[in-house]
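# Examination of the molecular architecture
Take a look at the letters that make up each chain.
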Amino acid sequence: MKLVSFRARGGDRFGVVAGDGIVDLSGRLGEGIATLRDALQADALPRIRALAGAAPDYALADVALLPPIPHPEKIICVGVNYGKRNEEYKDGSAPPAYPSVFPRFPGSFVGHGQALVRPLESEQLDYEGEIAIVIGKGGRRIAEADAESHIAGLTCANEGTVRDWVRHGKFNVTQGKNFDASGSMGPWLVTADEFDGYDALTVTTRVNGEVRQHDTTANLMFSFRHLIHYISLWTTLRPGDVISTGTPVGAGVRFDPPRFLRPGDRVEVEVPGIGVLSNIVADDRGAASC
């Protein structure tokens, strides 16, 4: 199934994709289930499947798509996870023994079809196409052998990065990874039963139709199973949490000269079995302080 969160008629809703439409699940799954995150927490996927054949309530073209989980408790991103990316740094370092991880905040992501915002503070907005895991069953100290049973599904992510700001801190990249609306996620969550394993998935990133990144999860240094196990050693994973699993070589900063995103550029992240996440870049128009 393809599960979506969306905005329509002035409200945020969630549903299941049916062809070119959406079956609205808001209010259909019982009291207390108002979001897709709520549905995962309530283990409601069997009830959703029973409603998936209903007549659509909205056309996909008529709604604004949000990130599949608009307000997860945690978004944990993994850096330098494809084998060739470690070589990309050309520092002679051995492959890492542990994953490199950092947090992102929900407001740093927009949904499919929404604008990626290049901030006033920098002209170095870059793309990073990734596959993101959405946790369906929570847990602490999850065994690697059991880890895949904790996956609700997968989505596409553009883990957009403001490159000069990731160098502001000696030991962290948090600033450059969390500008509002600098990344995107979607277009939907595809449930785990649609995948025959996770070790041969491809991810491709295009900018204005030009392929910039392409790789397969067969080349990950840390598999989905290991990431779930490792992260759950130090924090309890909960339904709706997101793990973005790393990006291949080919980000704009690695070109000579660098090829950062500009207003009007279209960035597409494609993962067969999920679909295409597409966003146009726009300049920040500034915002009043709160």
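Scoring rules and cut-offs
In every chain, residue numbers begin from 1 and rise along the written sequence. It should be noted that, the model being predicted, local features are given only for residues of pLDDT at least 70 and side-chain atom pairs only at 80 or more, the latter also being counted only at that level, while totals for whole chains, interfaces and linings use all residues. Excluded from the side-chain calculation are hydrogens and water; included are all heavy atoms of the structure. Each domain span listed reflects an automatic or database assignment of domains. Here, two residues are considered to be in contact whenever any of their heavy atoms come within 4.5 Å of each other. Summed over both partners, the accessible area (1.4 Å probe) lost when two parts come together is defined as the buried area. Put simply, a salt bridge is a Lys or Arg side-chain nitrogen that is within 4 Å of an Asp or Glu carboxyl oxygen. By the criterion applied in these results, polar contacts are pairs of N or O atoms within 3.5 Å in which, for protein atoms, one can donate a hydrogen and the other can accept it, and in which residues neighboring in sequence qualify only through two side-chain atoms. Numbering goes from the N terminus for both helices and strands, where a helix is a DSSP run of H or I of at least four residues and a strand is a run of E of at least two. Think of it this way: DSSP has to see at least two bridges between two strands before they count as a pair. Orientation is described by axes fitted as lines to C-alpha atoms, over the contacting stretch for helices, and by angles from 0 to 180 degrees between their N-to-C directions. Both cavities and pockets are sets of points on a 1 Å grid over the protein atoms alone; in a cavity a 1.4 Å probe fits but cannot get out, in a pocket the set is open with protein on both sides within 12 Å along at least five of seven lines, and lining residues sit with an atom within 4 Å of a point. Grid points are joined across faces, edges and corners, and a volume is the space filled by probe spheres set on the points. Residues are grouped as follows: Ala, Val, Leu, Ile, Met, Phe, Trp, Tyr, Cys and Pro are nonpolar; Asp, Glu, Lys and Arg are charged; every other residue, Gly included, is polar. Between buried and exposed lies partly exposed: a residue is buried under 20% and exposed over 50% of the maximum accessible area for its type, with that area taken using a 1.4 Å probe on protein chains only.

## Topic: the domain arrangement of the chain
- Per the domain assignment, the segments making up the chain are domain 1 (2-65) and domain 2 (75-283).
- Using only C-alpha atoms to locate each centre, domain 1 and domain 2 end up separated by 25 Å.
- Each side of the interface is counted separately: domain 1 has twelve residues, and domain 2 has 16 residues.
- Summing the contributions of domain 1 and of domain 2, the shared interface buries around 1100 Å²; its carbon and sulfur component is 67%.
- Summed over the three residues of domain 1 that lose the most area to domain 2, namely Lys2, Leu40 and Leu65, the buried surface amounts to 52% of that side.
- The tally of links from domain 1 across to domain 2 stands at one salt bridge.
- A salt bridge links Asp193 to Arg49, with the nearest nitrogen and oxygen atoms 3.3 Å apart.
- Across the contact surface, domain 1 and domain 2 share two residue pairs in polar contact (both at pLDDT 80 or more).
- For the side of domain 1 that touches domain 2, the secondary structure elements donating two or more residues are β1 (2-8), α1 (36-41) and β5 (64-66).

## Examining the sheet that holds strand β19 (residues 275-283)
- Read from one edge of the open sheet, five strands run β9-β19-β18-β15-β16, paired in mixed fashion. Of all the strands in the sheet, the pair left with one neighbour each is β9 (116-118) and β16 (210-216). The sheet shows a mean angle of 20° between the axes of neighbouring strands, taken without regard to direction.
- Bridge count for strand β18 (residues 266-271) against β19 is six bridges, and the pairing is antiparallel. Looking across to β19, one finds that Arg266 is bridged to Ile280.

## Observations regarding empty space enclosed by the protein
- All chains considered together, the criterion is met by one cavity of 30 Å³ or more.
- Taken as a whole, the largest cavity spans an internal volume of roughly 40 Å³.
- Considering the residues around the largest cavity, the lining is formed by Pro67, Ile69, Pro70, Pro72, Ile75, Pro106, Phe109 and Met185.
- The class makeup of the residues in the lining of the largest cavity is eight nonpolar, no polar and no charged.

## A word on the pattern of salt bridges
- Scanning the entire structure with this criterion turns up 19 salt bridges.
- For Glu128, the salt bridge is made with Lys177, and the minimal N-O distance between the two is 3.2 Å. Separated by 49 residues along the polypeptide, Glu128 in the loop between β10 (125-126) and β11 (129-135) and Lys177 in the loop between β13 (161-162) and β14 (183-191) bring together distant segments of the chain.
- Its relative accessible area of 3% is what places Glu128 among the buried residues.
- With a shortest N-O distance of 3.1 Å, Glu268 and Arg206 are connected by a salt bridge. With Glu268 in strand β18 and Arg206 in strand β15 (residues 202-207), the pair connects residues that are 62 residues apart, well separated along the chain.
- Looking at Arg206, the relative accessible area reads 16%, which means it is buried.

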